[in-house]
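# An overview of the molecular structure
What follows is each chain in one-letter form.
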Amino acid sequence: MRYNIFLFALIALLSACGNGAKQNNDATADATEELSAQAITVDSVLSVAPNIVGKEVVVKGNVTHVCHRTHHRCFIRGERKTNIRIEAGEQLGGFNNELIGSQLIVKGTIGESHLSLEYVKSQKERIEKQEAEDGSSAQCDAERVKVEEMEKWMAEHGTDYYPVYFITASDFESVAD
């Protein structure tokens with residue numbers, strides 16, 4: 001008799017645990033679907049970034065890089081090959097290397113930092129010096145193009161800085177493409 005009661009209680013406990021796991025999986029799937037529905041592309045975020053600094057966004061893109069040293073930073077790419085930096089917020093531990101190549105949905109706040117004209121000029125000088133020393137023009141060409149884009153943007157906008165937009169993540173999900 002006691003054995004039957006014990007067996008019945010054990011079966012009831014295992015059944016309850018199984019249902020809880022299914023409910024948790026359903027809740028996680030629902031949360032991912034909700035985030036995915038809110039998500040906009042990296043390209044869309046960057047096109048309006050100056051107007052939404054300090055605002056919360058949900059963005060979707062492919063992970064191109066995870067900082068190997070700290071894992072507190074990753075980069076996601078949009079359809080037009082534009083990247084945005086994602087910083088792990090305090091509540092997030094960081095990003096692992098297995099995320100590279102996967103699609104990420106990130107919820108976070110848009111931030112802005114500035115690269116000074118002096119910094120951009122020093123980068124241009126560094127590129128020219130490196131190219132003169134070792135002739136590594138292939139890598140230097142890509143860097144030079146970016147520096148020239150920054151200089152052009154500053155001249156067109158009459159500023160002495162180049163804005164860089166990033167997202168401080170409060171949550172993220174890796175999703176299937």
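Just so you know, these numbers come straight off a predicted model, no measurement behind them.

Scoring rules and cut-offs
Residues numbered from 1 in each chain as written. Predicted model: local features only at pLDDT ≥ 70, side-chain atom pairs only at ≥ 80, totals over all residues. Heavy atoms only, no water. Helix = DSSP H or I, 4+ residues; strand = E, 2+ residues; numbered from the N terminus. Expected span 1.5 Å × (residues − 1). Buried < 20%, exposed > 50% of the residue type's maximum accessible area, 1.4 Å probe, protein only. Arc of directions from axis to C-beta. 1 Å grid on protein atoms, 1.4 Å probe; cavity = no way out; pocket = protein on both sides within 12 Å on 5 of 7 lines; lining within 4 Å. Points joined across faces, edges and corners; volume = space filled by probe spheres on them. Nonpolar A, V, L, I, M, F, W, Y, C, P; charged D, E, K, R; others polar. pLDDT = per-residue confidence, 0-100. Contact = heavy atoms within 4.5 Å.

So, on to helix α3 (residues 117-134). Spanning 18 residues, α3 covers 26 Å between terminal C-alpha atoms, matching the ideal 26 Å at 1.5 Å per step. When α3 is considered as a whole, its buried residues turn out to be Val120, Gln123 and Ile127. Within α3, the buried residues cover an arc of 55° as seen down the axis, which keeps them to one side. Facing away from the buried side of α3 by over 90 degrees, the exposed positions are Glu118, Glu125, Lys129, Ala132 and Glu133.

Another point: empty space enclosed by the protein. Within the structure shown, the criterion is met by one cavity of 30 Å³ or more. Lys124, Ile127, Glu128, Arg144, Val147 and Glu148 together form the lining of the largest cavity. Of all elements in the fold, only α3 and α4 (137-157) reach the threshold of two or more residues within the lining of the largest cavity. Its residues assigned to classes, the lining of the largest cavity shows two nonpolar, no polar and four charged.

In the predicted model, the protein chain carries a mean pLDDT of 80, and the fraction of residues at 70 or more is 75%. The weakest mean pLDDT in the protein chain belongs to helix α1 (residues 2-38) at 44; the strongest belongs to strand β5 (residues 103-116) at 95. The model gives residues 1-29 a pLDDT under 50, and that stretch makes zero contacts with residues more than four places away or in other chains.

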